[in-house]
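One-letter residues, chain by chain:
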Amino acid sequence: MHLTVLGAQAGVPRHGRPSSGYLVSDAGTTVLLDCGPGVATALSGLGVRLDAVVVSHLHLDHVHDLIVLAKQLVTERAPVPLLLVPDGARELFETWQSLFPVPTFPLLDRPFRRAFDIRGHEPVRVGGLALSTHPVAHAVAAVGVRVEGPDATLAYTGDTGVCDGLLLLARDADLLLAEATLDAPDTGSHGHLCAADAARAASAAGVRALALTHLPDGSHSTVTARRAAAAAHFTGPVHIVRPGQTLPC
């Protein structure tokens, strides 16, 4: 199993870094986790056939480029991937389509209906991968995603604060892809992790390796501080992901 990072920026893109988007590939199957601003552009250069897309929650930085991806797929007449989405997503898609009508080109006028097989968050098997979601703590309804292949398991937090669901999601994963937005633990209700929170969860869940993402920037000082904070609580490998990077699970 391999993780390819398309975007890793917290919030909107900055300094050429797209927002959240990650490819997981194994056993001839490829799944996209989240599709934030800039991700569709990054994906278009890879020539990848998507088998499924999973959206963790309906915040702009995790879902914005889905309408772009939908139009790409129908224009290319690509195979229709599965799309797992939260409650309310179908209504959002209908609104997007109505805001950007193309009545003279029916393929682009209602792209979501043609591009995806849309379903709710439910356990499914896609090719050689088993996908499941676990509710986590965020400002809107959100899930983490667990991807289990023949020889490895990846767990992706999406956006979350510290919660019991985080440990269930990460249990015995080979790689935990965890957001590390904050410098210090979250004392509010929005629901984000700092690097130390992510590392403590990785340790408690018996994770083999930890990859931190969703940082506010990719500066040397931020990367160094996040790595040091995680290493103080987790003894396994700690990666700070960047766009274009590929990691084995």
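Residues numbered from 1 in each chain as written. Predicted model: local features only at pLDDT ≥ 70, side-chain atom pairs only at ≥ 80, totals over all residues. Heavy atoms only, no water.

Novice: Residues and numbers for the pairing of strand E12 (residues 209-213), please.
Specialist: Burial within E12 is extensive, with 5 of its 5 residues counted as buried. Note: strand E11 (residues 175-179) against E12, 5 bridges, orientation parallel. Residue pairing across strands places leucine 177 opposite alanine 211, the latter belonging to E12. For the handedness criterion, the β-α-β arrangement of E11, helix H8 (residues 195-205) and E12 is classed as right-handed. Following the chain from E12 across helix H9 (residues 220-231) to the adjacent parallel strand E13 (residues 238-240), one finds a crossover that is right-handed. (Buried < 20%, exposed > 50% of the residue type's maximum accessible area, 1.4 Å probe, protein only. Helix = DSSP H or I, 4+ residues; strand = E, 2+ residues; numbered from the N terminus. Pairing = 2+ DSSP bridges. Right-handed = clockwise from strand over helix to strand, strands pointing away.)

Novice: With reference to specific residues and values, describe the environment of cysteine 163.
Specialist: Residue position: cysteine 163 is located in the loop between strand E10 (153-156) and helix H7 (164-170). Taking the C-alpha atoms as reference points, cysteine 163 and alanine 201, 38 residues apart in sequence, are found 9.3 Å from one another.

Novice: Explain the side chain of histidine 62 to me, and be specific about the residues and the numbers.
Specialist: Structurally, histidine 62 can be placed in helix H2 (residues 60-63). Judged by relative accessible area, histidine 62 falls into the buried class, the value being 0%. Engagement of the side chain of histidine 62 in a polar contact is seen with the side chain of aspartate 61, the distance being 3.5 Å. With near-sequence residues (within four places) excluded, histidine 62 lies in contact with Ser20, Asp34, Cys35, Gly36, Val55, Ser56, His57, Tyr156, Asp159 and His214. (Polar contact = N/O pair within 3.5 Å; in protein donor to acceptor, adjacent residues only side chain to side chain. Contact = heavy atoms within 4.5 Å.)

Novice: Pulling in residues and values, what's your account of the UniProt feature "domain: Metallo-beta-lactamase" (unreviewed entry) in the protein?
Specialist: The positions UniProt marks with the feature "domain: Metallo-beta-lactamase" (unreviewed entry) are residues 18-214. From the first C-alpha to the last, residues 18-214 spans 10 Å; its make-up is 30% helix and 27% strand. (UniProt positions renumbered as here; feature names shortened; annotations may be inferred.)

Novice: Account for the pairing of strand E9 (residues 142-148), naming residues and giving values.
Specialist: With 6 of 7 residues buried, E9 lies mostly within the body of the structure. Two elements, strand E8 (residues 129-136) and E9, share 7 bridges in a ladder whose sense is antiparallel. Across the sheet, threonine 133 pairs through a bridge with valine 145, a residue of E9. From the end of E8 to the start of E9, which pair antiparallel, there are 5 residues. Bridge count between E9 and E10: 4 bridges; the pairing is antiparallel. Paired with glutamate 148 across the strands is threonine 153, a residue of E10. The turn linking E9 back onto E10 is made up of 4 residues.

Novice: Talk me through the sheet that holds strand E4 (residues 52-54); I want residue IDs and the actual numbers.
Specialist: Pairing is mixed across the open sheet formed by 7 strands, whose spatial order is E6-E5-E4-E3-E2-E1-E14. The open sheet has two edge strands with one neighbour each: strand E6 (117-120) and strand E14 (246-248). Along the sheet, successive strands turn relative to each other by an average axial angle of 20 degrees, direction set aside. The sheet contact formed by strand E1 (residues 2-7) and E14 spans 3 bridges and is antiparallel. Looking at the pairing, histidine 2 lines up with proline 248 of E14. (Axes fitted to C-alpha atoms, helices over the stretch in contact; angles between N-to-C directions.)

Novice: Before we move on, can you summarise the packing of aromatic side chains with the specific residues and values?
Specialist: With the rule as written, the count across this model stands at 5 aromatic pairs. Ring geometry for tyrosine 22 versus tyrosine 156: centroids 5.1 Å apart, planes at 55 degrees, classification tilted. With tyrosine 22 in strand E2 (residues 21-26) and tyrosine 156 in strand E10, this residue pair connects regions lying 134 residues apart in the sequence. Tyrosine 156 shares its class with tyrosine 22; the two are buried. Within the aromatic cluster, the residues linked to one another by ring pairs are Phe93, Trp96, Phe112 and Phe116. (Phe/Tyr/Trp six-rings, centres within 6.5 Å; stacked < 30°, edge-to-face > 60°.)

Novice: Outline the side chain of threonine 181, supporting the account with residue identities and numerical values.
Specialist: Turning to its location among the elements, threonine 181 is positioned in the loop between E11 and H8. The class for threonine 181 is buried, based on a relative accessible area of 14%. At 3.3 Å, the side chain of threonine 181 and the side chain of histidine 192 are in polar contact. Not counting residues within four places of it along the chain, the set of residues in contact with threonine 181 comprises Ala10, His192, Leu193, His214, Pro216 and Arg226.

Novice: Mind laying out the pattern of salt bridges, listing which residues take part and the relevant values?
Specialist: Inspection of the entire model under this criterion finds 9 salt bridges. Aspartate 109 serves as the salt-bridge partner of arginine 110, at 4.0 Å between the closest nitrogen and oxygen. Exposure remark for aspartate 109: the relative accessible area of 17% places this residue in the buried category. Salt bridges linked by common partners bring Asp117, Arg119 and Glu122 together as one network. (Salt bridge = Lys/Arg side-chain N within 4 Å of Asp/Glu carboxyl O.)

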